Amino acid sequence: MFLLTLAVGAPEVSLWLLLLNLLSLLLCFFYIRRRKIQRLASIFSLIGLLICAWVLVNIPLTQMQMAKAMKQGLGANYLEQIPVQVRAKMQTHPFDLVNSFRGIALGKTRHQKDILFASPAGVPLKMEVYQPSEVGKYPTVVVIYGGAWQYGNPDANSEFNQYIAHQGYTVFAIAYRHAPKYRFPVQLDDVRTALNFIRKHAAEYEADPERMVLLGRSAGAHLAMLAAYQPDAPPIRGVVNYYGPVNLTEGYKTPPNPDPINTRAVLKAFLGGSLEELPNQYEIASPINYLTHPLPPTLLIYGSRDHLVEARFGRQMYERLHNSGNTAVFLEIPWAEHAFDAVFNGVSNQLALYYTERFLAWALFKQ
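What counts, and at which threshold
- Residues numbered from 1 in each chain as written.
- Predicted model: local features only at pLDDT ≥ 70, side-chain atom pairs only at ≥ 80, totals over all residues.
- Heavy atoms only, no water.
- Helix = DSSP H or I, 4+ residues; strand = E, 2+ residues; numbered from the N terminus.
- Rg over C-alpha atoms; globule rule 2.2 N^0.38 Å.
- Contact = heavy atoms within 4.5 Å.
- Areas by Shrake-Rupley, 256 points an atom, 1.4 Å probe, with all protein chains shown as cover.
- Lys, Arg positive; Asp, Glu negative; His and termini not counted.
- Charge placed at Lys NZ, Arg CZ, Asp CG, Glu CD.
- UniProt positions renumbered as here; feature names shortened; annotations may be inferred.
- Salt bridge = Lys/Arg side-chain N within 4 Å of Asp/Glu carboxyl O.
- Buried < 20%, exposed > 50% of the residue type's maximum accessible area, 1.4 Å probe, protein only.
- Domains from an automatic or database assignment.
- Buried area = accessible area lost by both parts, 1.4 Å probe.
- Polar contact = N/O pair within 3.5 Å; in protein donor to acceptor, adjacent residues only side chain to side chain.
- Nonpolar A, V, L, I, M, F, W, Y, C, P; charged D, E, K, R; others polar.
- Pairing = 2+ DSSP bridges.
- Axes fitted to C-alpha atoms, helices over the stretch in contact; angles between N-to-C directions.

- Under an unreviewed UniProt entry, the name given to the chain is Acetyl esterase/lipase, and the source organism is Nostoc flagelliforme CCNUN1.

Some remarks on the overall build of the chain
Part 1 of the argument: When helices and strands are tallied, the chain shows 14 helices and eight strands.
Part 2 of the argument: Here the chain has a C-alpha radius of gyration of 21 Å; the compact-globule value for 367 residues is 21 Å, and the two agree.
Part 3 of the argument: C-alpha atoms of the chain, sized along the principal axes, occupy 70 × 55 × 40 Å.
Part 4 of the argument: In the chain, once contacts between residues fewer than 6 apart in sequence are set aside, the share between residues at least 24 apart is 76%.
Part 5 of the argument: About 16500 Å² of surface is accessible on the chain, with carbon and sulfur atoms providing 58% of the total.
Part 6 of the argument: With 33 positive and 27 negative side-chain charges, the chain shows a separation of 6 Å between the mean positions of the two kinds.

A few points about the UniProt feature "transmembrane region" (unreviewed entry) in the chain
Part 1 of the argument: The UniProt feature table records "transmembrane region" (unreviewed entry) at residues 13-32 and 39-57.
Part 2 of the argument: Helix makes up 100% of residues 39-57 and strand makes up 0%, while its end C-alpha atoms are separated by 26 Å.

Quick notes on the pattern of salt bridges
Part 1 of the argument: Applying the stated criterion across every chain yields a total of nine salt bridges.
Part 2 of the argument: Among the ionic pairs, R315 bridges to E332, the shortest N-O distance being 2.7 Å. Here R315 is found in helix α13 (residues 311-323), whereas its partner E332 is found in strand β8 (residues 328-333), with 17 residues between them in sequence.
Part 3 of the argument: A relative accessible area of 22% places E332 in the partly exposed class.

Some points on the domain arrangement of the chain
Part 1 of the argument: You can read the domains of the chain as domain 1 (1-58) and domain 2 (64-365).
Part 2 of the argument: The C-alpha-based centres of domain 1 and domain 2 are spaced at 34 Å.
Part 3 of the argument: Taken together, the contact pairs 13 residues of domain 1 with 20 residues of domain 2.
Part 4 of the argument: At the boundary of domain 1 with domain 2, total buried surface from both sides reaches about 1400 Å², with 77% on carbon and sulfur atoms.
Part 5 of the argument: Here domain 1 is connected to domain 2 by zero salt bridges.
Part 6 of the argument: Across the domain 1-domain 2 interface, the total number found is two residue pairs in polar contact (both at pLDDT 80 or more).
Part 7 of the argument: For the side of domain 1 that touches domain 2, the secondary-structure elements that each account for two or more residues are α1 (2-12), α2 (14-31) and α3 (35-57).
Part 8 of the argument: It is α1 that provides the largest number of residues to the side of domain 1 that touches domain 2, a total of five residues.
Part 9 of the argument: Taken together, the residues of the side of domain 1 that touches domain 2 break down into 11 nonpolar, one polar and one charged.

Side note on the sheet that holds β8
Two orientations exist for strands paired in a sheet by backbone hydrogen bonds: parallel and antiparallel.
Part 1 of the argument: Here we have eight strands laid out as an open sheet, ordered β1-β2-β4-β3-β5-β6-β7-β8, and mixed in their pairing. Across the chains shown, the open sheet's two edge strands, defined by having one partner strand only, are β1 (109-118) and β8. Taken pair by pair, the neighbouring strands of this sheet meet at an average axis angle of 20°, ignoring direction.
Part 2 of the argument: With seven bridges connecting them, β1 and strand β2 (residues 125-132) associate as antiparallel partners. When the bridges of β2 are listed, R110 appears paired with Q131.
Part 3 of the argument: Sitting on the sheet, helix α9 (residues 219-229) is in contact with β3 (138-144), β5 (207-217), β6 (238-242) and β7 (298-303), with an inclination near 140° to β5.
Part 4 of the argument: Along the sheet, α13 contacts β7 and β8; its crossing angle with β8, the most-contacted strand, is approximately 160°.

What follows is the structure in structure tokens.
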């Protein structure tokens, strides 16, 4: 797990690490007198420089591939369908060197915490709401946090929520009950309850219930897809899946290697047993098995180096959606790990944010 944390963060701060390695290399030549130690230190600094440079050199090619995937999935003229005033607020470049050091400007928003939306079995479920600074009526983005269905809370990724609200959306960050105490489908029930609450109280929070997108990370992305793909789901304009599990049956059969969170144990805790014991439950809990009817457009973003939810699952989901006639976009970031967007101004999140806000604008504002 310690190495996983490093693997998540290191590529995202490649620019800082590049400068540190360059500084280290210079210090080796000017301050280390013993030749063997100087040579060894220089080799390690050069290796560090090459690793950091590999990420940075790959940014332009990754940008081109992602731009192409967006046009293939949404149409070559999808940007023209977004109103000019909405486009004017979005990031102008997929990657901004200045933002990597200074940070991404969030803008002024209104923020409400601890809004109780349900108390199933006496468990208080709360949400947070982020709104643009000016009073109005805005499209709705519902955000569902990750955490292996076992932990997390609605204040996760608050920078993202604030940024999206400033772009002209009402953002609801919702909670759900956690495994292993509460097992599937409790989590899905809680998400659906939250959606009903949002629709019922939409006017109170200046949200448009007919223009809604669900966005989730990891386990939250899994729940977002399941909620949006139900035959009786409320009107959903789109789903954004950041590195979420889509095929729990296959995930149990072929866990990642190495497997830092013990994937099978996580799935047992979530579903109440192994694949051999509960095969039907694994099928029901897999979004990839809900492609029998028209579904909302789906944006899937995965990291090629993800050691928790491998990118092959996102690719498989994209292919199934595409082959079933549904609108889908699959974006893959070559150097990224699971939870790459934990570093908000990191390299990977800048790319993901750039295309996410375009997908949201296309799904909720298109003319």
